[in-house]
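# Chain and residue survey
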Amino acid sequence: MKHLLQLSTLTKEEIMNILQDAIRLEQGEGLDSAKGKIVANLFFEPSTRTQYSFQVAEEKLGCKVISFNAAASSLQKGESFYDTVKTFESFGIDAVVIRSRQDEYYKDLVGKIQIPILNAGDGVKDHPTQSLLDLMTIYQEFGKFEGLKIAIVGDIKYSRVAHTNIEVMERLGMKCYISGPEEYRDEQYEYVNFDQAIEEMDIIMLLRVQHERHEQEMSISKEEYHKLYGLTMERVHRMKEHAIIMHPAPFNRNVEIADDVVECDKSRIFKQIHNGVYVRMAVIRRAFGG
Amino acid sequence: MKHLLQLSTLTKEEIMNILQDAIRLEQGEGLDSAKGKIVANLFFEPSTRTQYSFQVAEEKLGCKVISFNAAASSLQKGESFYDTVKTFESFGIDAVVIRSRQDEYYKDLVGKIQIPILNAGDGVKDHPTQSLLDLMTIYQEFGKFEGLKIAIVGDIKYSRVAHTNIEVMERLGMKCYISGPEEYRDEQYEYVNFDQAIEEMDIIMLLRVQHERHEQEMSISKEEYHKLYGLTMERVHRMKEHAIIMHPAPFNRNVEIADDVVECDKSRIFKQIHNGVYVRMAVIRRAFGG
Amino acid sequence: MKHLLQLSTLTKEEIMNILQDAIRLEQGEGLDSAKGKIVANLFFEPSTRTQYSFQVAEEKLGCKVISFNAAASSLQKGESFYDTVKTFESFGIDAVVIRSRQDEYYKDLVGKIQIPILNAGDGVKDHPTQSLLDLMTIYQEFGKFEGLKIAIVGDIKYSRVAHTNIEVMERLGMKCYISGPEEYRDEQYEYVNFDQAIEEMDIIMLLRVQHERHEQEMSISKEEYHKLYGLTMERVHRMKEHAIIMHPAPFNRNVEIADDVVECDKSRIFKQIHNGVYVRMAVIRRAFGG
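Because the structure is a prediction, the values reported are computed rather than measured.

## Here we look at the side chain of Arg 160 of chain C
Residues and elements named next belong to chain C. Looking at the secondary structure, you find Arg 160 in helix α5 (residues 160-171). Although Arg 160 is buried, it makes no salt bridge; Glu 45 carries the closest opposite charge, 4.8 Å away. Non-local contacts of Arg 160, meaning those with residues more than four positions away in its chain, are made with Arg 99, Gly 121, Asp 122, Gly 123, Val 124, Lys 125, Asp 126 and His 127.

Take a look at the structure:
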């Protein structure tokens, strides 16, 4: 039984094993290889995209899927997080996928829950399958990690994606930079000017501008953001020949990314979503020792 | 790959093929004939009856079902309709069933989405599987369409069912009339007095009185409506011997239809609901070229 | 075709057959023994725990599961309870599990609905699978019912569990007592002092303190309740050697049960939840004549 809790505790070899299994699964191997296993997706915080991606992954593996959304439910009424998870374990299911607002929620569970736990995002800490799908996309594109240069552009401070990705990418030999508005910057990372990043990086990874969070505190409008840090076709034309564009959707068309860039040749945005299903299949198989 | 978008673009032969396949499926042929296919039901507008009918159809074909309700979801947060559908396609599913408030929503998708699209209702325009289940019910009853006389009774103006049905039924050789309150009338169709319709029609198709829409503008009360245009047992007794009653549920008991008429000998209301599952199975099989 | 409506109409022999089948199912027999059957869970009142337990049971039997929650749905809009259930029957499903706020809702359905109905709770009247899982837990523990002494502690007056359990347990030869605050007492049952119950009973069954219902009318605080009637480890140590603790979750930690008692040696709380899945599998198999 293997949990998937934090990416930072996986060795390089474990990560490569997951990626290689995901690639085999994408090529059509291993369908129905977890046939009959019951997997419950327990979402204590809504995240439709992640939840449906896991659900499709489970269906492709032949699992039986139980979908639980805490917000829409009475199960949690006066009941602790631990008791809810323990209840699902008691139903006799084979694994749980959990998403929660609480950082490191799994610390309350490990050692007490006897089935594999797959982390679908904990607070602002980690979102291991999101990072794995980014890594799969990069690995399929370049066949390696060593020496690749990536700039992550946008709201670094509040981005779970940025922190988790930078840790694992550096460990795999990539060189990571951040870019975008000064107010979003995190001083621990190396900053690069956006237009310089465009010309020098192998990967431009855009982050979503979270208007709902920043509306009041942001000093620039959507239009200005697009002008200064939005990936336009004009900028795409200045990128290196083999460079690619990534974004952990959902994206704001014509804010951080121009409408016509979303599905341009260099964009791997929908490929990332596609890969999400296969890395999730791989970590589920891994959980069952497959 | 065959979409199902509008009934008006299907030839008579295509329609008859769908109906005949639906009848074979009802007789127990073809269960599990789309085994393992993943179908996503994307409902951007609630329509529980249609959604569950599709879901049962998919389950009977052996499909794996993904149910997405936009209202209850965060997927759409700041995301376009197109991007949401593209996301589901990227997950690697095999077909989408879509319901939307937007007329001809599929014009944004065709040519860009590479999997079959099955229209489960678009705005006030079309609802092809509803018309197909009506046609299946009539065909099973009379063994033909040519020469049959139908009166559609009630709120013609705002009824998607009425417009779609009249177009296809006329094309199949039926003679269509409308009846009911003058304020609901649509001048392009031939009007017949309700009590005359009762005695002369092969099919009386009642529409739902939409109180929520008409409460204020309606000049007659529910009780008056029932008295003037409601199908009572007294009126049923004046219908032709082989004539039948139809209604695209949900119905209002004791408004457009009397309580004891709902399940009387001439009523095909629950047979229509039953047939809905089989025509949906047929269009899904058709989508997969089966 | 066998409905499961009320426990009081089942003979002792029928009850023992269900329990023995549940035990066989728990041992791994009969998985997928209702393969391909379509079961709809129609919840007109939310009860997440019961609904998920049924869903896991159905999945383990190989059924195809349709989940309908009336609150979140438009199906019921202007539609009667009967018409909604009849609609699902018309879809061609094989059985319905129904939960409703209305006492004896099934009286509107029996004789008109031609598929098995499994009662997942009707108003304040009955909740047969809850009682069956309690009986299974007791039977597995003691190998018999005859002569066992149980005290049910807490809000007897408003507890569906208490009334249904006492009727069937007395019939199976058990001796039932009630205990807890005087204001919750029901005069038709024999009362026993809580601390006396602790020392003399084979089973202490705690009920949930329903703060949401009693907040205003309760004369004692949570802390006082815990002190006077809460099962603490100190009290557990005074229980008979083979005595066990039961609770029809969800429980309030440190109100009716101390935190460290929930998973202590004598507690069968999560075993009850576990057994719930197997008794539900057994009644579904019974419905299909299996």
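## Here we look at the interface of chain A and chain B
Taken together, the 23 residues of chain A in the interface contact 23 residues of chain B. The salt bridge involving Glu 79 of chain B is made with Arg 49 of chain A; its shortest N-O contact spans 2.5 Å. In this structure, the connection of chain A to chain B is made through eight residue pairs in polar contact (both at pLDDT 80 or more). Elements with a contribution of two residues or more to the side of chain A that touches chain B: α2 (48-60) and α10 (269-287) of chain A. Take the side of chain A that touches chain B: its biggest share by element is eight residues, from α2 of chain A. Of the residues that constitute the side of chain A that touches chain B, the class distribution is eight nonpolar, seven polar and eight charged.

## Digging into the nonpolar core
Ile 204 of chain B together with Ile 98 of chain C are the most contacted members of the largest nonpolar core, which has 110 residues in total. Among the elements that make up this core, the one with the highest residue count is helix α10 (residues 269-287) of chain B (eleven residues). When neighbours within four sequence positions are excluded, Ile 204 of chain B is seen to be in contact with Ala 151, Val 153, Ala 197, Ile 198, Leu 231, Met 239, Ile 244, Ile 245 and Met 246 of chain B.

## Description of the packing of helix α2 (residues 48-60) of chain C against helix α10 (residues 269-287) of chain C
Residue and element names in this part refer to chain C. Between α2 and α10, the least distance of the axes is 8 Å, while the angle of their chain directions is 60°. Overall, the two elements α2 and α10 adopt an arrangement that is oblique. α10 is crossed by α2, and the crossing has right-handed handedness. In contact with Arg 49, Thr 50, Ser 53, Phe 54, Val 56, Ala 57, Glu 58 and Lys 60 of α2, α10 contributes Ile 273, Gly 276, Val 277, Tyr 278, Arg 280, Met 281 and Ile 284. Each residue belonging to the contact of α2 with α10 can be placed in one class, and the counts come to eight nonpolar, three polar and four charged.

## A look at the relation of the copies chain B and chain C
The pair of chain copies shares a relation made of a rotation about an axis and a shift along it. Aligned on chain C, chain B shows an RMSD of 0.0 Å; the corresponding rotation is 120° and the shift along the axis is 0.0 Å. In symmetry terms, the pair is related by a three-fold rotation axis.

## Observations regarding the interface of chain B and chain C
At the junction of the two partners, chain B supplies 23 residues and chain C supplies 23 residues. Contact between chain B and chain C buries roughly 1800 Å² in total, counting both sides, with carbon and sulfur atoms accounting for 56%. When residues of chain B are sorted by the area they lose upon contact with chain C, Arg 49, Tyr 52 and Glu 59 of chain B head the list and together hold 28% of the total. Our count for the contact surface shared by chain B and chain C stands at four salt bridges. A salt bridge links Arg 253 of chain B to Asp 83 of chain C, with the nearest nitrogen and oxygen atoms 2.5 Å apart. Counting across the interface, chain B meets chain C through eight residue pairs in polar contact (both at pLDDT 80 or more). Of all elements in the fold, only α2 (48-60) and α10 of chain B reach the threshold of two or more residues within the side of chain B that touches chain C. Here the side of chain B that touches chain C gets eight residues from one element, more than from any other, and that element is α2 of chain B. Classifying every residue of the side of chain B that touches chain C gives eight nonpolar, seven polar and eight charged.

## A word on the environment of Lys 86 of chain A
Positionally, Lys 86 of chain A belongs in helix α3 (residues 81-90). In this structure Lys 86 of chain A comes out as buried when scored by relative accessible area, which is 10%. What Lys 86 of chain A contacts, discounting residues up to four positions off in sequence, is Lys 112 and Ile 113 of chain A together with Glu 263 and Phe 270 of chain C. A polar atom in the side chain of Lys 86 of chain A sits 3.1 Å from the backbone oxygen of Lys 112 of chain A.

## Topic: the confidence of the model for chain A
Scored by pLDDT, chain A comes out at a mean of 93, with 94% of its residues at no less than 70. Two numbers describe this predicted complex: its pTM, 0.96, and its ipTM, 0.95.

## Topic: unusual backbone geometry
With omega at 0°, the peptide bond leading from Ala 249 of chain A into Pro 250 of chain A counts as cis. Of note, Pro 250 of chain A is situated in the loop between β8 (244-246) and α10. Even without being glycine, Glu 104 of chain C reaches a positive phi, approximately 50°. Within the secondary structure, Glu 104 of chain C sits in the loop between β3 (95-100) and β4 (117-122).

## A short note on helix α5 (residues 160-171) of chain B
Residue and element names in this part refer to chain B. Here α5 contains twelve residues, and its C-alpha end-to-end distance of 17 Å stays within 8% of the 16 Å for a straight helix at 1.5 Å per residue. What α5 keeps buried is the set Arg 160, Val 161, Ala 162, Thr 164, Asn 165, Ile 166, Val 168 and Met 169. A distance of 3.2 Å separates the backbone nitrogen of Val 161 from a side-chain oxygen at the start of α5, and that oxygen is part of Ser 159. Of the residues trailing α5, Gly 173 is marked for its positive phi of about 100°.

## Description of the packing of helix α1 (residues 12-26) of chain A against α10 of chain A
Residue and element names in this part refer to chain A. Closest axis-to-axis distance for the α1/α10 pair is 8 Å, and the angle between their directions is 115°. Considering their axes alone, α1 and α10 lie roughly perpendicular with respect to each other. For α1 against α10, the interelement crossing comes out right-handed. Contacts between α1 and α10 pair Glu 14, Ile 18, Asp 21, Ala 22, Leu 25 and Glu 26 from the former with Lys 271, His 274, Asn 275, Tyr 278, Val 279, Met 281, Ala 282, Val 283, Arg 285 and Arg 286 from the latter. The residue makeup of the contact of α1 with α10, split by class, is eight nonpolar, two polar and six charged.

## Section: the pattern of salt bridges
Side-chain pairs of opposite charge can arise whenever the charged atoms involved come near each other. All names here are of chain A. Across all of its chains, the model carries 62 salt bridges over all chains by this definition. Linking Arg 235 and Asp 195 is a salt bridge whose minimum nitrogen-to-oxygen distance equals 3.1 Å. Remark: Asp 195 occurs in helix α6 (residues 194-200) and Arg 235 occurs in helix α9 (residues 233-236); sequence separation between them is 40 residues. On the accessibility criterion, Arg 235 (7% relative accessible area) is buried. Looking at Asp 195, the relative accessible area reads 28%, which means it is partly exposed.

The rules we used
- Residues numbered from 1 in each chain as written.
- Chains lettered and ligands numbered in written order.
- Predicted model: local features only at pLDDT ≥ 70, side-chain atom pairs only at ≥ 80, totals over all residues.
- Heavy atoms only, no water.
- Helix = DSSP H or I, 4+ residues; strand = E, 2+ residues; numbered from the N terminus.
- Buried < 20%, exposed > 50% of the residue type's maximum accessible area, 1.4 Å probe, protein only.
- Lys, Arg positive; Asp, Glu negative; His and termini not counted.
- Salt bridge = Lys/Arg side-chain N within 4 Å of Asp/Glu carboxyl O.
- Contact = heavy atoms within 4.5 Å.
- Polar contact = N/O pair within 3.5 Å; in protein donor to acceptor, adjacent residues only side chain to side chain.
- Nonpolar A, V, L, I, M, F, W, Y, C, P; charged D, E, K, R; others polar.
- Core = buried A, V, L, I, M, F, W, Y, C linked by side-chain atoms within 4.5 Å.
- Axes fitted to C-alpha atoms, helices over the stretch in contact; angles between N-to-C directions.
- Parallel < 35°, antiparallel > 145°, perpendicular 65-115°, else oblique.
- Left-handed = near helix turned anticlockwise from the far one by under 90°.
- Least-squares fit on C-alpha atoms with pLDDT ≥ 70 in both.
- Buried area = accessible area lost by both parts, 1.4 Å probe.
- pLDDT = per-residue confidence, 0-100.
- Expected span 1.5 Å × (residues − 1).

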